[in-house]
Structures are given as C-alpha cells and as structure tokens.
Amino acid sequence: MSQATTGDFTKTSGWMDWYAGPAKPTFKLPAGAVDAHCHVFGPGAEFPYAPERKYTPCDASKAQLFALRDHLGFDKNVIVQATCHGADNRALVDALIHSEGRARGVATVKRSVSDTELQAMHDAGVRGVRFNFVKRLVDFTPKDELMEIAARIKHWGWHVVIYFEAVDLPELWDFFTALPTTVVVDHMGRPDVSLPVDGPQFALFQKFMREHANVWSKVSCPERLSVTGPKALNGEQNAYRDVVPFARAIVAEFPNRVLWGTDWPHPNLKDHMPDDGLLVDFIPHIAPTAALQYQLLVANPMRLYWPELSPS
C-alpha cells in the first residue's frame, strides 16, 4: 500500500515508501535496547518540508515510528533530523516531547540559531547536531560556520554527527579531527564494500577511530552499503553478507564506541526497501556475543544520550 504525503506536497518521482507490516525479529533485543538512528518525516500537513529540500518523501509520523519501536522490541529511539526538513526542527522536537522521555534527538542548526533556541531543544531532548557532507543530499555549509556551531553546542554537552562518503574522508580529515566534541560517524563513513575489508580505504577509517578516542561509529544501514546482498526481504536471515566483515571489524575493535539504528523510514533508497524486522536480525551477525550486543544496543547509546540514567 502506498504511503501518503500530506499537505501541498508531491512525493519525489520513484520514491520508495517504507515497508508496511515488518516481520517480528527472530533476534530478541536486550532489555533497554535503543534504535540509535531513525527519522520522522512530517506529516507534511503539520510540519511542512523545507523549500530547499532535495527530495519530498512520504510522511512518516512519530506515532508510526513509536509503533515500529514497540513492534521490533526497542525501548528507546534516537531521532535524527531528516534533510527534507532542513534546519526546521519542529517535527523532531514534537516527536521528542511526545515520546515520554523515550527519545533523544540530533538536530540540524544554522549559525543564526540563538542560545534560547538551543536551550529549548536541549530541554526537549536534543543531544547533538548533524553535519552532512553528502553533496547529493544538501548544499555545502562552510566549515568555519560548522566549527562555530560545534564550539557553541559543546556548552550543552552535545556531540556532532557527521555523514560523509568514504572517498571524501582524506579531504575532510583535518576538519573532523579538529572538532571539539564527541564525533559520531553515520554508517561507518559509507565504505565501498566491494573493496577488501583489509584494503586502504577502510583502513583509513579504522585509523581515524583508532587515533581519535572521541570518534564513534554507527554500524548501521547495510541496505545502503551492500552490493551483493542478499536483501532483507522474504524472511532472509543472512542479509547483506558483504557488509558483515566491515561492521564486525568496527564492533570488535571499538566495542565501547559503536551504535546501531534502523534508519527508518529509509530515505532515498533506490534499489529496495528492507523489512525492518529482518534488519534487526542482522545485528547478531555483526555483534556475535551477548556482551557485544549489550554494548552496542544499550550501554553505549545510554551513555551518550541518557547519561543521567546510564550505569556506566
């Protein structure tokens, strides 16, 4: 069934809607598990999409996100501002306020944001800002503006989430390593998984984490990285095998600095839309022990997003 886009908006041609009726995961998540990377889209009639957006999605409301959370067995969410909303964080903040303390957020802000606005976002549950360096998704923001924002949000104890592609890491290295906060990398910096896991491209990312103890990584979005699959559809229990060695290497070496999330509702996918239940079943392939699963899904996200509740 096609998902709606409300308000005076029309979905981008060829847009792939999120998967309705996901499977119940075979893998049982540990108590207190956090989906540490997901989004809300609109609904457009209530929270309009940004005029400068590069795509128009189907709606994906907070109620639908929270229903998925409960179906999959997660306890909490970290909601990341979607690029289709630009720096208008109202849909994100609204979801946080209505989460009953079970969601934290990562916002997108501009240099013009006031301290009063930052404080209000903090009170709602925002704990980080996202800097996007994927040129097909956003227009370039000058690095001096981003560094100024990073310096300001440090006052609230927030961190910076960075989204980039592996080929761009060399030119962004100096900027990333100068950031004054914890830095969380989306989706392992999008490695080319058709290249060897022990090759120079992925080795540079491992060096980035190894030499900078403030750098964390999300080991999420295998559906975006996989080349040979198989896909998380039709009950597949061994999906995205080509991504497993990369994610497993990061989890094994940096167990205290990894996060995982569904990426629901999976913006801008072109090839297929995964079953979120089967995505959860990907987790034990990359975090094969109960101890690693607890670190990835509970201890680490709690330490970063709910430190006041974290036992460590």
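The preceding data block contains the structure.
Remember, predicted model here, so these are calculated numbers, not experimental data. (Residues numbered from 1 in each chain as written. Predicted model: local features only at pLDDT ≥ 70, side-chain atom pairs only at ≥ 80, totals over all residues. Heavy atoms only, no water.)

Trainee: Which residues make up the packing of aromatic side chains, and what values go with them?
Mentor: Applying the stated criterion to the full structure yields 17 aromatic pairs. Measuring from centroid to centroid gives 4.9 Å for Phe202 and Phe246, while their planes differ by 80 degrees, and the two rings are edge-to-face. Residue Phe202 is located in helix 6 (residues 200-211), and its partner Phe246 is located in helix 8 (residues 244-253); the two are separated by 44 residues in the primary sequence. On the basis of relative accessible area, Phe246 is assigned to the buried category, the value being 3%. An angle of 70 degrees between the planes, with centres 6.4 Å apart, marks the rings of Tyr240 and Phe282 as edge-to-face. Residue Tyr240 is found in the loop between helix 7 (222-225) and helix 8, and its partner Phe282 is found in the loop between helix 9 (276-280) and helix 10 (283-286); the two are separated by 42 residues along the sequence. You'll find Tyr240 and Phe282 in the same group, each marked buried. One aromatic cluster is present, built from ring pairs that chain together Phe133, Phe164, Trp173, Phe175, Phe176, Phe202, Phe205, Phe208 and Phe246. If you follow Lys76 out to its NZ or CZ, it ends over the ring of Trp306, 5.6 Å from the centre. (Phe/Tyr/Trp six-rings, centres within 6.5 Å; stacked < 30°, edge-to-face > 60°. Helix = DSSP H or I, 4+ residues; strand = E, 2+ residues; numbered from the N terminus. Buried < 20%, exposed > 50% of the residue type's maximum accessible area, 1.4 Å probe, protein only. Lys NZ or Arg CZ within 6 Å of the ring centre and 35° of its normal.)

Trainee: So, the packing of helix 5 (residues 169-178) against helix 6: which residues are in play, and what are the values?
Mentor: Look at helix 5 against helix 6: their axes get within 12 Å of each other, and the N-to-C directions meet at 10 degrees. As summarised for this structure, helix 5 and helix 6 are arranged roughly parallel, according to the angle between their axes. Residues Leu169, Pro170, Trp173, Phe176 and Thr177 of helix 5 form the contact with helix 6, whose own contacting residues are Leu204, Phe205, Lys207, Phe208 and Glu211. Taken together, the residues of the contact of helix 5 with helix 6 break down into seven nonpolar, one polar and two charged. (Axes fitted to C-alpha atoms, helices over the stretch in contact; angles between N-to-C directions. Parallel < 35°, antiparallel > 145°, perpendicular 65-115°, else oblique. Contact = heavy atoms within 4.5 Å. Nonpolar A, V, L, I, M, F, W, Y, C, P; charged D, E, K, R; others polar.)

Trainee: A description of the environment of Thr56 should follow, citing residues and the corresponding values.
Mentor: Secondary-structure assignment places Thr56 in the loop between strand 1 (34-38) and helix 1 (62-72). Through-space distance from the C-alpha of Thr56 to that of Asn268 is 9.5 Å; in sequence the pair is 212 residues apart. Sequence-distant contacts of Thr56, defined by excluding residues within four places in its chain, comprise Thr5, Phe9, Thr10, Lys11, Thr12, Trp15 and Tyr49. At a separation of 2.7 Å, a polar atom in the side chain of Thr56 contacts the side chain of Arg53. (Polar contact = N/O pair within 3.5 Å; in protein donor to acceptor, adjacent residues only side chain to side chain.)

Trainee: Quick one: what's the story with the sheet that holds strand 7 (residues 215-218), residue by residue and with numbers?
Mentor: Strand order in the open sheet formed by eight strands is 1-2-3-4-5-6-7-8, and the pairing between neighbours is parallel. At either margin of the open sheet sits one strand with a lone partner, and together these are strand 1 and strand 8 (258-259). Where strand 4 (residues 126-132) lies against strand 5 (residues 159-163), five bridges are found, and the strand directions are parallel. Residue pairing across strands places Phe131 opposite Ile162, the latter belonging to strand 5. (Pairing = 2+ DSSP bridges.)

Trainee: Break down the environment of Val280 for me, citing the residues and quoting the values.
Mentor: Here Val280 shows up in helix 9. A relative accessible area of 0% places Val280 in the buried class. Taking the C-alpha atoms as reference points, Val280 and Pro22, 258 residues apart in sequence, are found 11 Å from one another. Sequence-distant contacts of Val280, that is, excluding residues within four places in its chain, are made with Pro25, Phe27, Leu29, Leu72, Phe74 and Trp260.

Trainee: Which residues make up helix 2 (residues 90-97), and what are the values?
Mentor: Helix 2 sits mainly inside the fold: six of its eight residues count as buried. Taken as a whole, helix 2 has its buried residues at Ala91, Leu92, Val93, Asp94, Ala95 and Leu96. Residues of helix 2 that are buried sit in contact with helix 1, strand 2 (76-80), strand 3 (103-107), helix 3 (115-124) and strand 4.

Trainee: Can you tell me about the side chain of Asn77, naming the residues and giving the values?
Mentor: Along the chain, Asn77 falls in strand 2. Residues in contact with Asn77, not counting those within four places in the same chain, are Val34, Asp35, Cys38, Leu65, Phe66, Arg69, Arg102, Ala103, Arg104 and Trp306.

Trainee: Lay out the layout of surface pockets in plain terms, naming residues and giving numbers.
Mentor: One water molecule sets the probe size; rolling that probe over the atoms shows where empty space is left. Approximately 420 Å³ is the volume found for the second largest pocket. Sorting the residues of the lining of the second largest pocket by element identifies strand 4 and helix 7 as the ones contributing at least two each. Residues that form the lining of the second largest pocket fall into these classes: seven nonpolar, 10 polar and nine charged. (1 Å grid on protein atoms, 1.4 Å probe; cavity = no way out; pocket = protein on both sides within 12 Å on 5 of 7 lines; lining within 4 Å. Points joined across faces, edges and corners; volume = space filled by probe spheres on them.)

Trainee: Before we move on, could you go through empty space enclosed by the protein and cite the residues and values that matter?
Mentor: Overall, the coordinates contain one cavity of 30 Å³ or more when judged by the stated rule. When its volume is computed, the largest cavity comes out at roughly 50 Å³. Around the largest cavity sit Phe164, Ala166, Leu169, Met188, Gly189, Pro191, Gln201, Phe202 and Phe205, which together line it. Ranked by residues supplied to the lining of the largest cavity, first place goes to helix 6 with three residues. Taken together, the residues that form the lining of the largest cavity break down as seven nonpolar, two polar and no charged.

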